[in-house]
Amino acid sequence: MDYTKRLYDLRVDHDLKQEDVAKILKITKQAYGMYENKKRGLPIESLITLCKFYNVSSDYILGLTDDPNAK
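Residues numbered from 1 in each chain as written. Predicted model: local features only at pLDDT ≥ 70, side-chain atom pairs only at ≥ 80, totals over all residues. Heavy atoms only, no water.

Visitor: Break down the nonpolar core for me, citing the residues and quoting the values.
Guide: Ranked by internal contacts, the top residues of the largest apolar core, which has 16 residues, are Leu 7, Val 21, Tyr 32, Leu 50, Tyr 54 and Ile 61. Going through the elements one at a time, α1 (3-13), α2 (18-25), α3 (29-36), α4 (44-54) and α5 (58-61) are the ones with two or more residues in this core. In terms of residues, this core owes the most to one element, α4, which gives 4 residues. Contacts of Val 21, omitting those with residues within four sequence positions, involve Arg 11, Leu 16, Tyr 32, Leu 50 and Tyr 54. (Core = buried A, V, L, I, M, F, W, Y, C linked by side-chain atoms within 4.5 Å. Buried < 20%, exposed > 50% of the residue type's maximum accessible area, 1.4 Å probe, protein only. Helix = DSSP H or I, 4+ residues; strand = E, 2+ residues; numbered from the N terminus. Contact = heavy atoms within 4.5 Å.)

Visitor: Before we move on, could you go through the packing of α2 against α4 and cite the residues and values that matter?
Guide: With their axes 10 Å apart at the nearest point, α2 and α4 run at an angle of 115° to one another. It follows from the interaxial angle that α2 and α4 lie roughly perpendicular. Taken as a pair, α2 and α4 cross one another with a handedness that is right-handed. Facing α2, whose interface residues are Val 21, Ile 24 and Leu 25, α4 presents Ser 46, Thr 49, Leu 50, Phe 53 and Tyr 54. Residues of the contact of α2 with α4, tallied by class, amount to 6 nonpolar, 2 polar and no charged. (Axes fitted to C-alpha atoms, helices over the stretch in contact; angles between N-to-C directions. Parallel < 35°, antiparallel > 145°, perpendicular 65-115°, else oblique. Left-handed = near helix turned anticlockwise from the far one by under 90°. Nonpolar A, V, L, I, M, F, W, Y, C, P; charged D, E, K, R; others polar.)

Visitor: Explain the pattern of salt bridges to me, using residue names and the numbers behind them.
Guide: Applying the stated criterion to the full structure yields 5 salt bridges. Note that Arg 6 and Asp 66 form a salt bridge whose closest N and O atoms lie 3.1 Å from each other. Within this pair, whereas Arg 6 is found in helix α1, its partner Asp 66 is found in the segment after α5, the two being separated by 60 residues in sequence. According to the relative accessible area criterion, Arg 6 is buried, its value standing at 4%. In this structure Asp 66 comes out as exposed when scored by relative accessible area, which is 65%. Arg 11 is the salt-bridge partner of Glu 36, the closest N and O atoms lying 2.6 Å from each other. With Glu 36 in helix α3 and Arg 11 in helix α1, this residue pair connects regions lying 25 residues apart in the sequence. Exposure remark for Glu 36: the relative accessible area of 10% places this residue in the buried category. (Salt bridge = Lys/Arg side-chain N within 4 Å of Asp/Glu carboxyl O.)

Shown next as structure tokens:
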């Protein structure tokens, strides 16, 4: 699975808008939208923040596993 799809799925599963996630990352809604739409790569700092926020592993967000708690 592509990580951009995983970002979208996690956001929707948590009933969040792009604006909500952007606030968590301290970026604009437009910048976050670029992550979900493959127009900009996801910085490692944002990946770490999202892992902590969603309580999932980086491997899960990156699509390397389907187990959100994989170590």
